[in-house]
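# Per-entry structural report
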Amino acid sequence: MSIDALGSTDEEILGRPAVDDLEAILTTANTDVDEVLHTVADNAESIFTWDYEKGARPGLDKLYEKAKHSQWNGSTDLDWSLDVDTQQFAEAMADMQSMQFEAGGVDFTGTPFEKWERPEWVELAHQTQQWSLSQFMHGEQGALICTAKIVETVPWIDAKYYAATQVMDEARHVEVFARYLDTKLDGHYPINTHLRMLLDDIIADSRWDMTYLGMQIMVEGLALAAFGMALQTTPDPLLKQLLRYVMSDEARHVAFGVLSLQEYYAGLTDAEMLERQEFAYEAAVRMRDRFLQQEVWDRMGVDVRKAVKLFDVPAEVKNQDPFQQLLFSKIVPNCKKLGLLDANDGWLRKRFDVLGVTQFEDWVDTGEEYLAMDAVSQDRLAAAEAASGSDAA
Ligand SMILES: [Fe+2]
Ligand SMILES: [Fe+2]
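First things first, this report covers the structure right here in the doc.

Parameters and conventions
Along each chain, residues carry numbers from 1 onward, in the same order as the chain's sequence is written. Going through the entries in the order they are written, you letter the chains from A and number the ligands from 1. Side-chain atom pairs in this predicted model are given and counted only at pLDDT of 80 or more, local residue features only at pLDDT of at least 70, and totals for whole chains, interfaces and linings cover all residues. Where side-chain values are given, they derive from all heavy atoms of the structure, hydrogens and water being excluded. Metal coordination here is assigned from N, O and S atoms located within 2.8 Å of the ion, or within 3.2 Å for Na, K and Ca; omission of water means that sites may look incomplete. Only two sets of limits are used to name each site, 85 to 135 degrees for every angle of a tetrahedral four-donor site, and over 155 degrees for opposite donors with all other angles from 65 to 115 for a square planar four-donor or octahedral six-donor site, with any other site named irregular. By the criteria applied, helices consist of DSSP H or I runs no shorter than four residues and strands consist of E runs no shorter than two, each listed in order from the N terminus. When a residue's accessible area, from a 1.4 Å probe over protein chains only, is under 20% of the maximum for its type it is buried; when over 50% it is exposed; and in between it is partly exposed. Here a polar contact is recorded for every N or O atom pair within 3.5 Å, except that within protein the pair must consist of a potential hydrogen donor and a potential acceptor, and residues adjacent in sequence are included only if both atoms are side-chain atoms. In a helix, the anticipated span is given by 1.5 Å times the number of residues less one. The directions from the helix axis to the C-beta atoms form the arc being described. Contact between two residues is taken to exist if any of their heavy atoms lie within 4.5 Å; hydrogens are not considered. Definitions used throughout: a 1 Å grid over protein atoms alone; a cavity as a set of points that fits a 1.4 Å probe which cannot get out; a pocket as an open set with protein on both sides within 12 Å along at least five of seven lines; a lining residue as one with an atom within 4 Å of a point. Grid points are joined across faces, edges and corners, and a volume is the space filled by probe spheres set on the points. Each residue gets one of three labels, nonpolar for Ala, Val, Leu, Ile, Met, Phe, Trp, Tyr, Cys and Pro, charged for Asp, Glu, Lys and Arg, and polar for the others, Gly among them. Two cysteine sulfur atoms make up a disulfide if the distance between them is within 2.5 Å. Like-charged residues are merged into a patch within 9 Å and nonpolar side chains (Val, Leu, Ile, Met, Phe, Trp, Tyr) within 5 Å, provided each residue has over 30% relative accessible area and no salt bridge. All accessibility values rest on the Shrake-Rupley procedure with a 1.4 Å probe; residue burial counts only the protein chains present in the view. Think of a salt bridge as a Lys or Arg side-chain nitrogen and an Asp or Glu carboxyl oxygen that are within 4 Å of each other. Positive charges come from Lys and Arg alone, negative charges from Asp and Glu alone, with His and the N- and C-terminal ends not counted. Charged side chains are reduced to one point each, which is NZ for Lys, CZ for Arg, CG for Asp and CD for Glu. Axis lines are fitted to C-alpha atoms, over the contacting stretch for helices. Their N-to-C directions set the angle, which ranges from 0 to 180 degrees. Orientation is classified from the angle alone, with under 35 degrees giving roughly parallel, over 145 giving roughly antiparallel, 65 to 115 giving roughly perpendicular, and any other angle giving oblique. In summary, the pairing rule links any two rings of Phe, Tyr or Trp, Trp by its six-membered ring, whose centres are within 6.5 Å, and it sorts them by plane angle into stacked for under 30 degrees, edge-to-face for over 60 and tilted for everything else. To sit over a ring, a charge needs its Lys NZ or Arg CZ within 6 Å of the ring centre and within 35 degrees of the ring normal.

What follows is about the coordination of the iron ion (ligand 1). For the iron ion (ligand 1), the protein coordination sphere consists of Glu 140 (OE), Glu 170 (OE), His 173 (ND1) and Glu 250 (OE), at 1.9 to 2.2 Å. Every donor counted, the four donor atoms about the iron ion (ligand 1) form angles of 86 to 143° at the centre, which fits irregular coordination. The metal-metal distance between the iron ion (ligand 1) and the iron ion (ligand 2) comes to 2.9 Å, with Glu 170 coordinating both. Of the two residues, Glu 140 is situated in helix α5 (residues 118-153) and Glu 170 in helix α6 (residues 157-183); the sequence distance between them amounts to 30 residues. The exposure classification of Glu 140 matches that of Glu 170, with both residues buried.

A few words now on the environment of Trp 347. Locating Trp 347 in the fold gives a position in helix α16 (residues 343-355). Residue class for Trp 347 comes out buried when judged on its relative accessible area of 2%. Distance in space between the C-alpha atoms of Trp 347 and Leu 274 is 7.8 Å, their sequence separation being 73 residues. At 2.9 Å, the side chain of Trp 347 and the backbone oxygen of Leu 6 are in polar contact.

What follows covers helix α3 (residues 58-69). Here α3 spans 17 Å end to end across 12 residues, near enough to the 16 Å set by a 1.5 Å rise per residue. Among the residues of α3, Leu 60, Asp 61, Leu 63, Tyr 64 and Ala 67 are the ones counted as buried. The arc that holds every buried residue of α3, seen down its axis, measures 160°, which confines them to one face. Exposed side of α3, more than 90 degrees from the buried face: Pro 58 and His 69 are the residues found there. Contacts from the buried residues of α3 go to α6 and α9 (237-265).

Bringing the coordination of the iron ion (ligand 2) into the picture now. In this structure, Glu 170 (OE), Glu 220 (OE), Glu 250 (OE), Glu 250 (OE) and His 253 (ND1) serve as the protein donors to the iron ion (ligand 2), at separations of 1.9 to 2.8 Å. The sequence pattern describing where the donors of the iron ion (ligand 2) fall on their chain is E-x49-E-x29-E-x2-H.

A word on the layout of surface pockets. Of the pockets and cavities examined, the second largest pocket occupies roughly 670 Å³. Taken together, 28 residues line the second largest pocket, and the ones lying closest to its centre are Val 36, His 38, His 138, Gln 141 and Ile 191. For the lining of the second largest pocket, the secondary structure elements donating two or more residues are α5 and α7 (193-204). Per-class residue counts for the lining of the second largest pocket are 14 nonpolar, seven polar and seven charged.

The next subject is empty space enclosed by the protein. Counted under the stated rule, the structure contains four cavities of 30 Å³ or more. Here the largest cavity defines a volume of roughly 140 Å³. Looking at the lining of the largest cavity, the elements that each hand over two or more residues are α5, α8 (208-233) and α10 (270-290). At six residues, α8 tops the list of elements feeding residues into the lining of the largest cavity. Split by residue class, the lining of the largest cavity holds nine nonpolar, two polar and five charged.

Within the structure shown, the criterion is met by zero disulfides. There is no disulfide at Cys 146, and the cysteine sulfur nearest it, in Cys 335, is 16 Å away. Taking relative accessible area as the criterion, Cys 146 reaches 0% and is therefore assigned buried. We classify Cys 335 as buried; its relative accessible area is 0%.

All right, on to a negative patch on the surface then. Together, Glu 117, Glu 120, Glu 123 and Asp 186 give the surface a local cluster of negative charge. Summarising the element assignment, Glu 117 is placed in the loop between α4 (86-104) and α5. Note on Glu 117: relative accessible area 54%, which makes it exposed.

Below, the discussion takes up the packing of α5 against α7. Packing of α5 against α7 leaves a shortest axis separation of 10 Å and a crossing angle of 5°. Here α7 runs roughly parallel to α5, going by the angle between their axes. Here Gln 135, His 138, Gly 139, Gly 142, Ile 145, Cys 146 and Lys 149 of α5 come into contact with α7, specifically with Leu 195, Leu 199, Ile 202, Ile 203 and Ala 204.

Turning our eyes to something else, we now look at unusual backbone geometry. Look at Asn 344: it is not a glycine, yet its phi comes out positive at around 55°. The residue Asn 344 is located in helix α16 in this model. With phi around 60°, Asp 345 is a residue other than glycine that occupies positive phi space. Here Asp 345 shows up in helix α16. The class of Asp 345 is exposed, set by a relative accessible area of 51%.

This part takes up the packing of aromatic side chains. Any two aromatic rings considered together are summarised by their centre-to-centre distance and by the angle between their planes. If you walk through the whole model with that rule in mind, you get 20 aromatic pairs. Plain terms: the ring middles of Phe 113 and Trp 297 are 5.9 Å apart, the flat faces sit at 75° to each other, and that makes the pair edge-to-face. Highlighted residues: Phe 113 in the loop between α4 and α5 and Trp 297 in helix α11 (residues 294-299), separated in sequence by 184 residues. Judged by its relative accessible area of 1%, Phe 113 is buried. Accessibility expressed as a relative area gives 3% for Trp 297, which makes it buried. Aromatic rings pair up to connect Trp 156, Tyr 162, Trp 208, Tyr 212, Phe 256, Tyr 264 and Tyr 265 into one cluster. Just above the ring of Tyr 189 sits the side chain of Arg 299; from NZ or CZ to the centre is 3.8 Å. Taking NZ or CZ as reference, Arg 351 lies 3.9 Å from the ring centre of Trp 347, over its face.

See the structure below:
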């Protein structure tokens, strides 16, 4: 069976003839960089439920109770007085980059990087970090809006309760990323066009489960992995604190998606599942496309086409970059758990094979991981134990 025999084509799903069409990816750059407000019709009906039985869905009820205990305050629980040494981080990243180039035997002759000295590489690391954190912030606002929509559209009371706690979580996330960018770095990058297209598609879909699939499973699944990698690499104590606490919430959010959709997807037909598979595929490709970080190259004055040829050509790389692959390490097992990977003769599995990410299918899914990742409760417990220890002494 050919890969496109069933369902929509790449052209229909992605708006370009081939998934790895670099020119098509790059020509969809964001041209509205000065826009302040952006409007999307959400096409949904708000649903009241008169069934108030709390705990009818025990997994969601448990998550809601956990969320109420694990709220934190972005203004007071993070130590904003800490100085952030962005130079140290950028230099370390520039060193790592040059080691990778050396190991790979990269030749810069005839490329825009031929005349680059260390200051340019350090500046690239600065810009890349600022760009990444800016996209995290924009994604957080997408989560804020999507979850507010879920409060309105999901038919189950336990899910409405839980989603309401997530709305508060996401407000806090937008707040702390914006504060970090504004007060510790040099401000924001505009939203990446591929991320914006994805958020628009998620919000515009009228079906309540598509909001969950796009946001809780795909965007937040990727965010959870990306935050984990950023937590490992940043030397900055404030950013580490921030990411630990945000991840503690995000693990619950992804669990919310898995727990809710598991029940709903069990009752869908093959044709309905295919629509979800196509949506998951579109989301995966949009998220991959944004990692070309074309806005950074524009700001560095480098022709984006030449830069990505050296760094990251999708057609050739096929996500052989292990860091980029790892970003999908939460998404793929969750898609498998939901039946999305293998429904319709493995439609999504074949696409994930092309994207080079199927190898994560048996990694742990995120249904229960939030219990181990609850940094907020762990810190409170440790503080209480330290206090009772000093009382006893
Ligand atoms: Fe978030
Ligand atoms: Fe979230």
